[in-house]
Amino acid sequence: MDNNQLLLLRQMNNRFAWIIADWVNDSSDSISEEVIRMADPERELPDEVLYQAIMLSSLNLNKEIEDYIYDYYLRESVRKLDILEYLSNPYLNTIKFPKVTLGEWEFTYLKYKPYEAFLRGDIILKEDLREIPTVGFFDKEYRYPAVLQKGREWMAVKPSEIESMKEPLSIVSGKIVTFGLGLGYFTFMASMKENVESITVVERDLDVIRLFEKHILPQFPDKGKIRIVRSDAFAYMDKTMPEEKFDYAFVDLWHDTSDGLSLYLRTKRRESLSPCTKFLYWVEESLLSSYRWTVFENVLKEEFSPDAIKKALSDEGLKKRLQH
């Protein structure tokens, strides 16, 4: 892959990312069961294929770009999800959320309508450096618990949260510290693992801690494993964490990637303070994507062979860069 191909790839990655962002923000409910049935009255094609085709036709792309977007992006991006898989989630089956308000915070339930599009997890990075945002939909209404801050969704246990935490939850064991409390989904799921000894949760917002300790933590089957520390995350990383010697740290300090990159980079610079701890990050693929294209021009200047450039722009190459 030469430099011109990489430049084209960056352009196509960005273009598809904008397509998905615009679709989810502006057109997420434009496909309904009625639209699906009208497109295929005989029910010959799977919903997922119909959904992709209807979505693609609405983008008004020229034929060449349309084929490229479908073959290399859309076909891997959009998935029909099995609602039963999420309804059987242990956290959602255990934790019951009251209708309460504390200060600017409010517990509530939100929902996705049948066939409404939503982001379903972190991006997928392909070997050729294509970045594929992931979109999902259900064929039935799906309700999920959320906390609103001043009427705006601040944290929710929805499919994107569940999917993007599967990998770190499969890895953690022993003594864990997690930064950012939220609704305690990561903490709950980690506490259910037999090989997890303890979980220290670092959270600076007192109202969030009060809501969690009063309404959520008492419902945890293994709440004895959990300790909550009120502190600024970076102050804790600098002063306290090196003495604690945790096995794993899970960092979830950002609302999404728009505010996450700077916080991610600040944390990465502190990993060396706790060399015995393995750091894991929420939506790290998306954060590395933002970083990848930030350093893209510098990598092209520093590396000369196509293989070296591709390696430097891979996730592992970017992580090594951040260690220097």
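The present account deals with the structure reproduced in this document. (Residues numbered from 1 in each chain as written. Predicted model: local features only at pLDDT ≥ 70, side-chain atom pairs only at ≥ 80, totals over all residues. Heavy atoms only, no water.)

Describing the pattern of salt bridges
Counted only if it meets this: Salt bridge, as used here: a side-chain nitrogen of Lys or Arg that lies within 4 Å of a carboxyl oxygen of Asp or Glu. Comment: elements are numbered from the N terminus, with helices defined as DSSP H or I runs of at least four residues and strands as E runs of at least two. For every residue, the accessible area (1.4 Å probe, protein chains only) is compared with the maximum for its type, and the residue is labelled buried under 20%, exposed over 50%, or partly exposed between those bounds.
Here the structure, examined in full by the defined rule, presents 29 salt bridges. A salt bridge links aspartate 207 to arginine 210, with the shortest nitrogen-to-oxygen separation between them at 3.8 Å. Of the two residues, aspartate 207 and arginine 210 are both situated in helix H10 (residues 206–216); the distance of three residues between them amounts to about one turn of the helix. The exposure class assigned to aspartate 207 is partly exposed, which follows from its relative accessible area of 22%. Residue arginine 210 is classed as partly exposed on the basis of its relative accessible area, which comes to 46%.

Focus on the nonpolar core
Quick reminder of the rule: The set of buried Ala, Val, Leu, Ile, Met, Phe, Trp, Tyr and Cys residues whose side-chain atoms join them within 4.5 Å is what this entry labels a nonpolar core. Contacts were defined at the residue level, with two residues in contact if any of their heavy atoms lie within 4.5 Å.
One finds Ile69, Tyr91 and Phe179 to be the most contacted residues of the largest nonpolar core, which totals 106 residues. Tallying contributions element by element places helix H1 (residues 3–26) first for this core, with eight residues. When residues no more than four places from it in sequence are discounted, the contact partners of phenylalanine 179 are Val202, Ala233, Tyr236, Met237, Met241, Ala249, Phe250, Val251, Asp252 and Leu253.

Re the sheet that holds strand E1 (residues 78–80)
To keep it simple, the criterion reads: Two strands pair if DSSP finds at least two bridges between them. Think of each axis as a best-fit line through the C-alpha atoms, taken over the contacting stretch in the case of a helix, with angles from 0 to 180 degrees between the N-to-C directions.
Sheet architecture is open: three strands sit in the order E1-E7-E4, paired in mixed fashion. Since the sheet does not close on itself, it has two edges, and those belong to E1 and strand E4 (118–119), each with one partner. Looking at chain direction, E4 and strand E7 (residues 135–137) are connected through two bridges and run antiparallel. When the bridges of E7 are listed, leucine 119 appears paired with valine 135. Packed onto the sheet, helix H3 (residues 47–58) meets E1 and E7 and runs at close to 145 degrees relative to E1.

Concerning the sheet that holds strand E13 (residues 248–251)
One open sheet holds the five strands; their spatial order is E12-E11-E10-E13-E14, and the pairing between them is parallel. Lying at the two open borders of the sheet, with one neighbouring strand each, are strand E12 (226–230) and strand E14 (278–281). The mean inter-strand angle of the sheet, taken between neighbouring strand axes irrespective of direction, is 20 degrees. Inspection of the sheet shows strand E10 (residues 174–179) paired to E13 by four bridges, in the parallel sense. Paired with valine 177 across the two strands is alanine 249, which belongs to E13.

Considering the side chain of arginine 270
Checked against the element boundaries, arginine 270 lands in the loop between helix H12 (257–268) and E14. Looking at arginine 270, the relative accessible area reads 17%, which means it is buried. Ignoring any residue separated from it by four or fewer positions in sequence, one finds arginine 270 in contact with Phe234, Met237 and Asp238.

A word on the environment of isoleucine 54
Within the secondary structure layout, isoleucine 54 lies in helix H3. Spatially, the C-alpha atoms of isoleucine 54 and glutamate 131 are 22 Å apart, while their sequence positions differ by 77 residues. Discounting residues that sit within four places of it in the chain, isoleucine 54 has contacts with Ile31, Val35, Ile36 and Ala39.

With respect to the packing of aromatic side chains
In plain terms, the rule: For this analysis, a ring pair means two rings from Phe, Tyr or Trp (six-membered ring only for Trp) whose centres lie within 6.5 Å, classed as stacked if their planes differ by under 30 degrees, edge-to-face if by over 60, and tilted for the remaining angles. Each ring is checked for a lysine NZ or an arginine CZ that lies within 6 Å of its centre and within 35 degrees of its normal; such an atom marks a charge sitting over the ring.
What the rule picks out here adds up to 23 aromatic pairs. Between the aromatic rings of phenylalanine 188 and phenylalanine 220, the centroid separation amounts to 5.1 Å while the plane-to-plane angle is 90 degrees, which identifies the pairing as edge-to-face. With phenylalanine 188 in helix H9 (residues 185–191) and phenylalanine 220 in the loop between H10 and E12, this pair connects stretches of sequence that are 32 residues apart. Residue classification places phenylalanine 188 among the buried residues on the basis of a relative accessible area of 0%. Of the residues examined, phenylalanine 220 reaches a relative accessible area of 1% and is grouped as buried. Aromatic ring contacts, followed pair by pair, group Tyr91, Phe97, Phe107, Tyr109, Tyr185, Phe188, Phe212 and Phe220 into a single cluster. Stacked on the ring of phenylalanine 246, the Lys or Arg lysine 175 has its end atom at 5.3 Å from the ring centre.

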